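Summary of structural features
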Amino acid sequence: MRPPPGPARATFWRSPLRSTWLTTILGSILLPGVLVVAATGLLSHAAYQPHLGRNGLVPTDVDPLVIGWPASPSWLYALTQSLHVTVGIVIVPLLLAKLWSVIPRLFAWPPVKGPGHGLERLGLLLLVGSAVFQFATGIANAQLYYPWHFDFVAAHYYGGLIFIAALVLHVATKLPAMRRAYRTRSQVLAVPEDLRAPEPEEPTLSRRELLWLVGAGAGALAVTTAGQSIGGPLREVALLAPRGTGESFPVNKTARVARVTPAMVGAGWRLLLVGDGEAELTLEELAGMPQHTYALPIACVEGWTTTQRWTGVRLRDLARRAGLADAAALQAGSLQPRGAFRQATVGPGQIADPRSLLALRVNGAPLPLDHGYPARIIVPALPGVHCTKWVKELHFT
Ligand SMILES: Nc1nc2c(c(=O)[nH]1)N[C@H]1C(S)=C(S)[C@@H](COP(=O)(O)O)O[C@H]1N2
Ligand SMILES: [Mo]
């Protein structure tokens, strides 16, 4: 059966660079990066604490990853999520080069030769499909670009599970070929039949130069991204990070975008405190409770992080005030009229940590409206998305 014109024909592919050696090198560098991204992605799912309140966007009845996410060290989520986003972006050139090095295989003809071959093709389709989906949606999300109509968190989570399963199968089946490529000198430059270009063009660079080019691309992405997590002078060159710079520190969603007006947080604002009964507290009453100050990071799931000095009332003092000194959960509700982050639930370890605050001030001054005036949640090691701004209600259970 003659393949149709186009990429299914061997003559379509002209580069003489494709070889088992090139694919093996690219794959061996890519693999640790992908493992870091996969592991930190699963950790991020755990850090959301999907079993609490309405945190979970995916059903969690049988979720082995549901754990009580710790509040110490305070930089834990900043570290894991910075790795997830930064490594995920930096390995894109490797991923593309690896895909390019074997791309004629994607168009192999006939597409399916039998049941076994069909299964292998299906695995490959899931691997490439989920990889492209995960990287595209993750990068779009980190760029605050949502050109789709599905829920990002749920889709990225399920996509990740498919990717990990397909990757495990892929690595298991390719290990022998990789080992051979490393061990046998004579095979080092061997080109498998299905990757050999029958009508090759003159190469414009060597395989080694291609590797350097990919490395330079990864390095450029690292320099223009990592600053949003590492901070310092690197923050100034984090050109690809949408919230890398800013006058004071990044704002996820401004009050205007969240439709929170100064009138909503004016003199009439009261905190509804629910536990063993209900109470309403004015801002003056909150400010009259013991105040504590800690330097704590906000670590956004989109990769940026910033550490500031927050001052406010301990969550555990508020739990006691609500009559539930050993509360197991706290659901914080915002007065923000709409949006996915209006409410978040934190667990017992987080309520008990002395650094967990309902913050009223940042860096010595009242919270700016964009950062959640008059009160917001700040909990060490909690994903930024759960540090609810413009808090209106605290429900202890
Ligand atoms: N009510 C409300 N709280 C919110 C958000 C929001 O959109 N609405 N965004 C969350 C996210 S995703 C992050 S990363 C942090 C960012 O806090 P900042 O804008 O003060 O830097 O606030 C969190 N709290
Ligand atoms: Mo965020």
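Residues numbered from 1 in each chain as written. Chains lettered and ligands numbered in written order. Predicted model: local features only at pLDDT ≥ 70, side-chain atom pairs only at ≥ 80, totals over all residues. Heavy atoms only, no water.

Details of the pairing of strand β2 (residues 277-281)
- Pairing between strand β1 (residues 271-275) and β2: 5 bridges, direction antiparallel. Bridging across to β2, L271 finds its partner in L281.
- The turn joining β1 and β2, which pair antiparallel and follow one another in sequence, is formed by 1 residue. (Pairing = 2+ DSSP bridges. Helix = DSSP H or I, 4+ residues; strand = E, 2+ residues; numbered from the N terminus.)

Topic: the site of ligand 1
- Contacts to ligand 1 come from 18 residues, most closely from P250, Q336, H371, R376 and K389.
- In this structure, a nitrogen atom belonging to ligand 1 sits 3.2 Å away from a side-chain N or O atom of S334.
- Here a nitrogen atom of ligand 1 sits 3.0 Å away from a polar atom, N or O, in the main chain of C387.
- Protein contacts shield 100% of the accessible area of ligand 1, which totals 530 Å² for the unbound molecule.
- Here the residues of the shell around ligand 1 are counted per class, giving 9 nonpolar, 6 polar and 3 charged. (Near = heavy atom within 4 Å. Polar contact = N/O pair within 3.5 Å; in protein donor to acceptor, adjacent residues only side chain to side chain. Areas by Shrake-Rupley, 256 points an atom, 1.4 Å probe, with all protein chains shown as cover. Nonpolar A, V, L, I, M, F, W, Y, C, P; charged D, E, K, R; others polar.)

Comments concerning the domain arrangement of the chain
- The domains assigned to the chain are domain 1 (10-237) and domain 2 (255-396).
- Each of domain 1 and domain 2 has a C-alpha centre, and these two points are 37 Å apart.
- If you look at the interface, domain 1 gives 27 residues, while domain 2 gives 26 residues.
- Taking both sides of the interface into account, the surface hidden between domain 1 and domain 2 amounts to around 2,000 Å²; carbon and sulfur atoms contribute 52%.
- Joining domain 1 to domain 2, the criterion identifies 0 salt bridges.
- In this structure, the connection of domain 1 to domain 2 is made through 10 residue pairs in polar contact (both at pLDDT 80 or more). (Domains from an automatic or database assignment. Contact = heavy atoms within 4.5 Å. Buried area = accessible area lost by both parts, 1.4 Å probe. Salt bridge = Lys/Arg side-chain N within 4 Å of Asp/Glu carboxyl O.)

Describing the nonpolar core
- Ranked by internal contacts, the top residues of the largest apolar core, which has 32 residues, are L286, L318, L358, I377, L394 and F396.
- Going through the elements one at a time, α9 (255-258), β1, α11 (315-321), β5 (330-334), β7 (357-362) and β10 (391-396) are the ones with two or more residues in this core.
- Membership of the second largest hydrophobic core comes to 23 residues, among which are A47, A78, Y294 and V362. (Core = buried A, V, L, I, M, F, W, Y, C linked by side-chain atoms within 4.5 Å. Buried < 20%, exposed > 50% of the residue type's maximum accessible area, 1.4 Å probe, protein only.)

Describing the sheet that holds β5
- Sheet architecture is open: 5 strands sit in the order β2-β1-β10-β5-β6, paired in mixed fashion. Strands with a single pairing partner mark the edges of an open sheet, and in this sheet they are β2 and β6 (343-346). Between one strand axis and the next, the sheet turns by 15° as a mean value, whatever way the strands run.
- Both β1 and β10 contribute to a ladder of 3 bridges, which runs parallel. By the bridge assignment, L273 is partnered in β10 with L394. (Axes fitted to C-alpha atoms, helices over the stretch in contact; angles between N-to-C directions.)

Here we look at the packing of aromatic side chains
- Tallying each qualifying case throughout the model produces 9 aromatic pairs.
- Ring centres of W148 and F150 lie 5.2 Å apart, and the angle between their planes is 5°; this geometry places the pair in the stacked category.
- Looking at F150, the relative accessible area reads 36%, which means it is partly exposed.
- Here the aromatic cluster, defined as three or more aromatic residues joined through ring pairs, consists of F133, Y146, W148, F150 and F152. (Phe/Tyr/Trp six-rings, centres within 6.5 Å; stacked < 30°, edge-to-face > 60°.)

Brief notes about unusual backbone geometry
- Note that the residue after S72, namely P73, is joined by a cis bond; omega there is -5°.
- A cis geometry characterises the amide bond from W109 onward to P110, with omega recorded as -5°.
- The topology assignment puts P110 in the loop between α4 (103-106) and α5 (115-142).
- With a phi close to 60°, L144 is a non-glycine residue in the positive phi region.
- Here L144 shows up in the loop between α5 and α6 (152-183).
- Despite not being glycine, A381 has its phi angle at roughly 70°, a positive value.
- Along the polypeptide, A381 turns up in the loop between β9 (376-378) and β10.
- For A381, a relative accessible area of 3% translates into the label buried.

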